[in-house]
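# Observations on the three-dimensional arrangement
Each chain, letter by letter, is given below.
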Amino acid sequence: MDLLKRIEEAKAFILSKHSKEIQAAIILGSGLGGIVKDIENQKVIKYSEIPGFPESTVKGHAGEIIIGELCGKTVLAMNGRFHYYEGYDMQTVTFPVRVIKALGIENIIITNAAGGMNPNFEPGDLMIITDHINMMGANPLIGANYEELGPRFPDMSSAYNKQLIELALSSAKALNIKVQQGVYCPVSGPTYETAAELKMLRLIGGDAVGMSTVPEVIVANHMSMKVLGISCITDMAIGDNLEPLDHSRVVETANKAMAKFISLVKEIIEKM
Ligand code: HPA
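Residues numbered from 1 in each chain as written. Predicted model: local features only at pLDDT ≥ 70, side-chain atom pairs only at ≥ 80, totals over all residues. Heavy atoms only, no water.

## Observations regarding the packing of aromatic side chains
Summed over the entire model, instances satisfying the criterion amount to five aromatic pairs. Ring geometry for phenylalanine 53 versus phenylalanine 95: centroids 5.8 Å apart, planes at 75 degrees, classification edge-to-face. Of the two residues, phenylalanine 53 sits in the loop between β2 (40-46) and β3 (64-70) while phenylalanine 95 sits in helix α2 (residues 90-102), which places them 42 residues apart along the sequence. Taken as a pair, phenylalanine 53 and phenylalanine 95 share a single burial class, namely buried. The interplanar angle of 75 degrees and the centroid separation of 5.5 Å between the aromatic rings of phenylalanine 82 and tyrosine 88 together place this pair among those described as edge-to-face. (Phe/Tyr/Trp six-rings, centres within 6.5 Å; stacked < 30°, edge-to-face > 60°. Helix = DSSP H or I, 4+ residues; strand = E, 2+ residues; numbered from the N terminus. Buried < 20%, exposed > 50% of the residue type's maximum accessible area, 1.4 Å probe, protein only.)

Structure follows, in structure tokens:
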């Protein structure tokens with residue numbers, strides 16, 4: 001079916017469950033779902049119920065949308081996302097962002113767990129994403145362009161909204177939370193990187209490496225949404241003396257940083 005029709009169907013379904021205005025959306029990365037418990041008057045919608053949404057397949061990722069109140073704002077949280085490495089095409093990976101915009105939401109916070117390539121980082125740090133280098137080998141806008149959604153050649157000169165970056169930094173300062181800033185560099189995954197790959201990604205300017213976020217950021221920019229990106233650094237991804245890594249450690253470290261992450265996101269949403 002035509003993308004525009006599919007967006008409309010998913011939108012209509014969500015509106016049938018919740019029809020009030022929503023001020024912000026947040027996509028929760030691996031191990032960062034804990035903020036959901038703070039959302040009040042929740043409406044929970046499973047991805048499997050929403051037309052056009054496939055089911056999330058990764059452990060540590062739930063698969064539902066939660067709509068409710070957080071710090072006096074109505075928010076839509078996506079607990080679990082669709083990854084390119086799961087075998088979904090880029091249109092499917094980014095479909096939820098299309099629907100979020102169709103619901104009239106302009107502000108989106110996109111989060112992830114990432115490996116720290118900047119030697120000044122440490123596991124548990126939060127990094128405000130200032131820019132990205134797309135190393136996934138794919139782009140969600142390849143194919144027919146829908147002028148109704150955005151231009152053929154979208155500008156990416158400020159993919160991460162400057163005001164939202166400032167808001168994130170001032171919120172962190174107010175809460176006395178140390179945050180890093182840097183360039184997020186996604187690869188397709190699902191393999192973690194080799195030492196040689198990490199040396200290259202660092203050399204080209206990456207501060208953190210992951211397997212998500214950028215497809216959603218590109219599609220959000222295509223539709224002129226305001227994007228804030230936050231990485232939770234779960235491990236050091238540095239080529240020299242690289243240690244073995246597994247997903248459970250990523251989730252464990254993200255869980256440890258969760259309290260800090262939740263405070264920061266709440267402060268940002270409150271002031272948004
Ligand atoms: N590499 C890629 N993706 C990741 C990493 C990593 O080191 N940590 C968390 N997600």
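There is more to say, and it comes next.
## Considering the side chain of arginine 81
Turning to its location among the elements, arginine 81 is positioned in the loop between β4 (73-79) and α2. On the basis of relative accessibility, which here comes to 2%, the residue arginine 81 falls in the buried class. Among the polar contacts listed, one links the side chain of arginine 81 to the side chain of serine 212, at a separation of 3.3 Å. For arginine 81, the side chain forms a polar contact with the side chain of glutamate 216, separated by 2.7 Å. (Polar contact = N/O pair within 3.5 Å; in protein donor to acceptor, adjacent residues only side chain to side chain.)

## A few points about the pattern of salt bridges
For the coordinates displayed, the defined rule picks out 11 salt bridges. Where aspartate 38 meets lysine 266, a salt bridge forms, and the shortest distance between an N and an O atom there is 2.9 Å. Placement of aspartate 38 in the loop between β1 (24-28) and β2 and of lysine 266 in helix α7 (residues 258-271) is noted, with a sequence separation of 228 residues between them. The shortest N-O distance in the salt bridge between aspartate 125 and lysine 178 comes to 3.2 Å. Within this pair, whereas aspartate 125 is found in the loop between β5 (107-116) and β6 (126-132), its partner lysine 178 is found in the loop between α3 (162-175) and β7 (179-186), the two being separated by 53 residues in sequence. Judged by its relative accessible area of 44%, lysine 178 falls in the partly exposed class. (Salt bridge = Lys/Arg side-chain N within 4 Å of Asp/Glu carboxyl O.)

## Focus: the site of the ligand
Neighbouring the ligand are 13 residues, the closest being Ala113, Gly115, Glu193, Thr234 and Asp235. One of the side-chain nitrogen or oxygen atoms of glutamate 193 is found 2.8 Å away from a nitrogen atom of the ligand. The separation between a nitrogen atom of the ligand and a polar side-chain atom of threonine 234 is 3.5 Å. In isolation the ligand exposes 260 Å². Once the protein is present, 95% of that is buried. Going through the elements one at a time, β5, β8 (208-210) and β9 (226-236) are the ones with two or more residues in the shell around the ligand. (Near = heavy atom within 4 Å. Areas by Shrake-Rupley, 256 points an atom, 1.4 Å probe, with all protein chains shown as cover.)

## Looking at unusual backbone geometry
Cis geometry marks the peptide bond from glycine 189 to proline 190; its omega dihedral reads 0 degrees. Mapped onto the fold, proline 190 is located in the loop between β7 and α4 (195-203). The phi torsion at asparagine 176 lies on the positive side, around 65 degrees, for a residue other than glycine. As for its placement among the helices and strands, asparagine 176 is situated in the loop between α3 and β7.

## Quick word on the pairing of β3
Burial analysis of β3 places six of its seven residues in the buried class, which makes it a mostly covered element. Of the strand pairs in this sheet, β2 and β3 are connected by five bridges, and their pairing is antiparallel. Across the sheet, the residue bridging to isoleucine 45 is isoleucine 65, located in β3. Sheet topology places β3 next to β4; seven bridges connect them, and they run antiparallel. Bridge pairing in β4 links isoleucine 66 to alanine 77. (Pairing = 2+ DSSP bridges.)

## Focus on the nonpolar core
If you look at the biggest cluster of nonpolar residues, it comprises 78 residues, and the most contacted ones within it are Phe53, Ile65, Leu76, Ile108 and Ile230. Ranked by residues supplied to this core, first place goes to α7 with seven residues. The contacts of phenylalanine 53, once residues within four sequence positions are left out, are Ala10, Tyr47, Ile65, Phe82, Phe95, Pro96 and Val99. Counting eight residues, the second-largest nonpolar core is a separate cluster that includes Met117, Val187, Leu201 and Val209. (Core = buried A, V, L, I, M, F, W, Y, C linked by side-chain atoms within 4.5 Å. Contact = heavy atoms within 4.5 Å.)

## With respect to the environment of asparagine 120
Tracing the backbone shows asparagine 120 in the loop between β5 and β6. Placed 60 residues apart in sequence, asparagine 120 and glutamine 180 show a C-alpha to C-alpha distance of 8.9 Å. Setting aside anything within four residues of it in sequence, one finds asparagine 120 in contact with Asp125 and Gln180.

## Quick word on the packing of helix α1 (residues 3-17) against α2
Packed helices, taken two at a time, are described by the angle their axes make and the gap between the axes. Relative orientation of the contacting elements α1 and α2 amounts to 65 degrees, with a least axis distance of 9 Å. Crossing of α1 against α2: the hand is right-handed. Taken together, the residues of α2 that come into contact with α1 (itself represented by Leu3, Arg6, Ile7, Ala10, Lys11 and Ile14) are Phe95, Arg98, Val99 and Ala102. Of the residues assigned to the contact of α1 with α2, the class counts are seven nonpolar, no polar and three charged. (Axes fitted to C-alpha atoms, helices over the stretch in contact; angles between N-to-C directions. Left-handed = near helix turned anticlockwise from the far one by under 90°. Nonpolar A, V, L, I, M, F, W, Y, C, P; charged D, E, K, R; others polar.)

Purely geometric numbers; function is a separate question.
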